[in-house]
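# Understanding the architecture of this molecule
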Amino acid sequence: MPQYIILLYDDPKKFAELSPQEMQEAFKKYHGWGQKMREQGRLTGSNKLTDGAGRVLRGKSPMRVTDGPFTEGKEVLGGYYMFNADSYEHAIELTRDHPQLEYGGTVEVREIQDLSQAARNA
Amino acid sequence: MPEPDARITSVVDHLFRTSAGQLVSYLTRVLGPAHLDLAEEAVQDALAKALQTWPFSGIPDNPPGWLLHVARNRALDLVRHRGVVLQKTSEVVAELSQPRAAPRLELPEALRDDELCMIFLACNPALSRDSRVALSLKAVSGFSVKEIARAFLCEPATIAQRLVRAKRQIREQGLAFELPPSHQLGKSLDSVLEVIYLLFNEGYAAHEGDDLVRQDLCSEALRLALLVADSPVSQPKAHALVSLLAFQGARLAARVDDQGELVLLQDQDRCKWDSRLIALGSRRLAMSAEGEELSQFHVQAAIASIHAQAKDPSATDWEAILDLYDDLMALNPSSVVALNRIVALGKVHGPECALDELSAIQEDPALRDYYLLPSTRASLLAETGEFSQAANYFAAALGRPCSEPERRFLTRRMQECRDQALRLQKPS
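Read on for an overview of the structure.

Conventions and cut-offs
Residues numbered from 1 in each chain as written. Chains lettered and ligands numbered in written order. Predicted model: local features only at pLDDT ≥ 70, side-chain atom pairs only at ≥ 80, totals over all residues. Heavy atoms only, no water. Helix = DSSP H or I, 4+ residues; strand = E, 2+ residues; numbered from the N terminus. Buried < 20%, exposed > 50% of the residue type's maximum accessible area, 1.4 Å probe, protein only. Contact = heavy atoms within 4.5 Å. Areas by Shrake-Rupley, 256 points an atom, 1.4 Å probe, with all protein chains shown as cover. Lys, Arg positive; Asp, Glu negative; His and termini not counted. Charge placed at Lys NZ, Arg CZ, Asp CG, Glu CD. Axes fitted to C-alpha atoms, helices over the stretch in contact; angles between N-to-C directions. Parallel < 35°, antiparallel > 145°, perpendicular 65-115°, else oblique. Left-handed = near helix turned anticlockwise from the far one by under 90°. Nonpolar A, V, L, I, M, F, W, Y, C, P; charged D, E, K, R; others polar. Pairing = 2+ DSSP bridges. Buried area = accessible area lost by both parts, 1.4 Å probe. Salt bridge = Lys/Arg side-chain N within 4 Å of Asp/Glu carboxyl O. Polar contact = N/O pair within 3.5 Å; in protein donor to acceptor, adjacent residues only side chain to side chain. Phe/Tyr/Trp six-rings, centres within 6.5 Å; stacked < 30°, edge-to-face > 60°. Lys NZ or Arg CZ within 6 Å of the ring centre and 35° of its normal. 1 Å grid on protein atoms, 1.4 Å probe; cavity = no way out; pocket = protein on both sides within 12 Å on 5 of 7 lines; lining within 4 Å. Points joined across faces, edges and corners; volume = space filled by probe spheres on them. Patch = residues over 30% accessible without salt bridge, like charges linked within 9 Å, V, L, I, M, F, W, Y side chains within 5 Å.

### Some points on the overall build of chain B
- On a plain count of helices and strands, chain B comes out with 20 helices and zero strands.
- C-alpha atoms of chain B, sized along the principal axes, occupy 90 × 50 × 40 Å.
- Per-residue burial for chain B yields a buried fraction of 51% across its 428 residues.
- By sequence separation, contacts in chain B at least 24 residues apart represent 66% of the contacts at least 6 residues apart.
- For chain B, the accessible area works out to roughly 20,200 Å², and carbon and sulfur atoms hold 51% of it.
- In chain B, 46 side chains carry a positive charge and 57 a negative one; their mean positions are 5 Å apart.

Dropping the structure here:
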């Protein structure tokens, strides 16, 4: 079954504005989405990236090191999930109710290239 | 393994808000009450971090312990980065640098004592009543400025101002983070109970919208009342307040019908009353009977218990209620109590008698904007068959401030009285 990765972008400060009760409700939704994927046996991996500390490297000589795009841009890549789905459309369908969208973030849905398949076809 | 996870999830259901109050209280003790702002910021950051981390990592074995650990670290960061001047820096740093606690689902008992001290700090009689209410909700109960504003139907900026003022007073007057010493206990406890009573009443008032926030206010008030009543600084009147809130809270669900319309006490489906809360009310009323003092909470709880015990409206012991209102008038001779007493009087001695007494408070300036004054007169007039006049008084009630559900209720009653008046005019 094809694998997909969703990349979650958001403003890391957005939750600072929520009240504890609102955070509670947000957490229930986030947790519920992961739980649903886990119960369906689809989830193959997920991780959160740390906030704030990170650099972007460009070029070789000279190499330019900048504080990542996240200091200028409002939205930062905050974490990702990997899961199985029947097709890209199905992956979109599974992502549609991710609370990230409700809380104003962005989700990028990508298919992970199956390299063994690619080698066979070559 | 669905079982342990389900257990943890249910713990987490109430975790954020209850932890917020407890952790702010704890950090306020550690950092000192002058740094309440810092405590709040550290806790807010810890909660936000949990929200951003747990969906990926799963819920930790000991969620409150996790939050405590992160909040400590965050407080330490803030202290260092801002160069905050503390009284006993090395002790504070040692306290905040403790290793993560062993897995356990509840916060240490000591945090509950901190919470109690926080209630007494937030309700310090040196602060204005409005500030006490706002600060209690913010620091003890984990409500946001916006939520407090919504609950009290005012602007967030107003609430924010009250909080700033209260915190400045705490700093400038050096208000202590402690349980009140015995010679101040009476006054301090009265102040705490008054705030809890106000919180409950605000939640209980029949406003439309934000039902959840309002129900939260009621259950939070009951939680705080229990916390105080079961503490070492409790007095019988604290149990009386628990009793009153439990009896009133028992009727919350029955007060509104499926269409969101108000249902008067006499028309409520008594099966919908919460029997567990009624039992709690009765137990606490019994516990409140110790000691000499008769507070107004005692009397109000006793009145509420009579309503709660009546199987149907006709079984209500109105004579006992009238006696209790006489007691309440002696303790707290306010215009609102007087009005309520007149309602009981009408039930015992008839509407004409009540109408006579009503004339005495008709011009009371304290009731000038109180819609229940004309609407009580209207109800009494309707009972005597004066429907046309009753309709006029319902109309007068509509001219005073009231919530939307109350407005719809008054409009409905006004229309009924007009219809009745017309029917009586027509020769049949």
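And the narrative resumes.
### Overview of the overall build of chain A
- Check the secondary structure of chain A and you find four helices and six strands.
- When the helices and strands of chain A are listed from N to C terminus, the series reads β-α-β-β-β-β-α-α-β-α.
- Expressed as a percentage of its 122 residues, the buried residues of chain A come to 35%.
- For chain A, the proportion of contacts with a sequence separation of at least 24, taken over those separated by at least 6, is 75%.
- Summing over all exposed atoms, chain A offers an accessible surface of approximately 7,400 Å²; the carbon and sulfur share of this is 52%.

### Things to note about the packing of helix H19 (residues 387-398) of chain B against helix H20 (residues 404-425) of chain B
All names here are of chain B.
- Packing of H19 against H20 leaves a shortest axis separation of 8 Å and a crossing angle of 160°. Taken together, the axis directions place H19 and H20 in an arrangement best described as roughly antiparallel. Of the two possible hands of crossing, H19 and H20 adopt the one that is left-handed. For the pair H19 and H20, contact is made by Phe 387, Ser 388, Ala 390, Ala 391, Phe 394, Ala 395, Ala 397 and Leu 398 and by Arg 407, Leu 410, Thr 411, Arg 413, Met 414, Cys 417, Arg 418, Gln 420, Ala 421 and Leu 424, respectively.
- Each residue belonging to the contact of H19 with H20 can be placed in one class, and the counts come to twelve nonpolar, three polar and three charged.

### Some words on the sheet that holds strand E2 (residues 43-48) of chain A
Residue and element names in this part refer to chain A.
- The four strands are arranged E2-E5-E1-E6 in an open sheet whose pairing can be described as antiparallel. Looking at the sheet topology across the chains shown, the edges are occupied by E2 and strand E6 (106-112). Looking at each pair of strands side by side, their axes are set apart by 15° on average, direction ignored.
- Bridging between strand E1 (residues 3-10) and strand E5 (residues 76-84) involves eight bridges; their strand directions are antiparallel. Within E5, the position partnered with Leu 8 by the bridge is Gly 79.
- Sheet strands in contact with helix H2 (residues 88-95) are E1, E5 and E6, and its direction is about 150° off that of E6.

### So, the side chain of Ser 288 of chain B
- Tracing the chain through its elements places Ser 288 of chain B in the loop between helix H13 (275-287) and helix H14 (296-309).
- With residues near it in sequence (within four places) discarded, Ser 288 of chain B still touches Pro 236, His 239, Ala 240 and His 298 of chain B.

### Some words on the interface of chain A and chain B
- Across the contact, 26 residues belong to chain A and 24 residues belong to chain B.
- The junction of chain A with chain B conceals about 2,200 Å² of combined surface from both sides, 61% of it contributed by carbon and sulfur atoms.
- In terms of surface lost to chain B, no three residues of chain A exceed Pro 20, Gln 24 and Phe 27 of chain A, which account for 29% of the buried area on that side.
- Applying the counting criterion to the chain A and chain B interface returns zero salt bridges.
- At the boundary of chain A and chain B, one finds seven residue pairs in polar contact (both at pLDDT 80 or more).
- Top element by residues in the side of chain A that touches chain B is helix H1 (residues 20-39) of chain A. It accounts for twelve residues.
- Looking at the side of chain A that touches chain B residue by residue, the classes come out as twelve nonpolar, eight polar and six charged.

### Some details on the packing of aromatic side chains
- One pass over the structure, following the stated rule, counts 14 aromatic pairs over all chains.
- Geometrically, the ring pair formed by Phe 27 of chain A and Trp 54 of chain B is edge-to-face, given 5.6 Å between the ring centres and 80° between the ring planes. A residue pair is termed interchain when its members come from two chains, as with Phe 27 of chain A in helix H1 and Trp 54 of chain B in helix H3 (residues 36-57).
- Judged by its relative accessible area of 0%, Trp 54 of chain B falls in the buried class.
- Put simply, the rings of Tyr 4, Trp 33, Tyr 81, Phe 83 and Tyr 88 of chain A together with Phe 56 of chain B pair up and form one aromatic cluster.
- Sitting over the ring of Tyr 204 of chain B, Arg 255 of chain B keeps its end group 4.1 Å from the ring centre.
- Residue placement shows Arg 377 of chain B over the ring face of Tyr 393 of chain B; its charged tip is 5.5 Å from the ring centre.

### A look at empty space enclosed by the protein
Residues and elements named next belong to chain B.
- The final tally for this structure, using the stated rule, is two cavities of 30 Å³ or more.
- Reported here for the largest cavity is a volume of approximately 40 Å³.
- Together, Ile 119, Cys 123, Ser 136, Val 140, Val 192, Val 195, Ile 196, Leu 199 and Leu 224 line the largest cavity.
- Elements represented by at least two residues in the lining of the largest cavity include exactly helix H7 (129-140) and helix H10 (182-204).
- Per element, the largest residue contribution to the lining of the largest cavity is four residues, and it comes from H10.
- Class assignment for the residues of the lining of the largest cavity results in eight nonpolar, one polar and no charged.

### Observations regarding a nonpolar patch on the surface
- There is a patch of nonpolar side chains on the surface, built from Leu 57, Met 63 and Val 65 of chain A and spanning about 280 Å² of accessible area.
- Take Val 65 of chain A: it is sitting in strand E4 (residues 64-67).

### Quick look at the pattern of salt bridges
Residues and elements named next belong to chain B.
- This model, assessed by the stated rule, comprises 25 salt bridges over all chains.
- Ionic pairing is found between Arg 129 and Glu 194, a salt bridge with its closest N-O pair at 3.1 Å. Linking Arg 129 in helix H7 with Glu 194 in helix H10, this pair joins segments that are 65 residues apart in sequence.
- According to the relative accessible area criterion, Arg 129 is partly exposed, its value standing at 45%.

### Topic: unusual backbone geometry
- Pro 62 of chain A follows Ser 61 of chain A through a cis peptide bond whose omega is 5°.
- Structurally, the position occupied by Pro 62 of chain A is in the loop between strand E3 (55-58) and E4.

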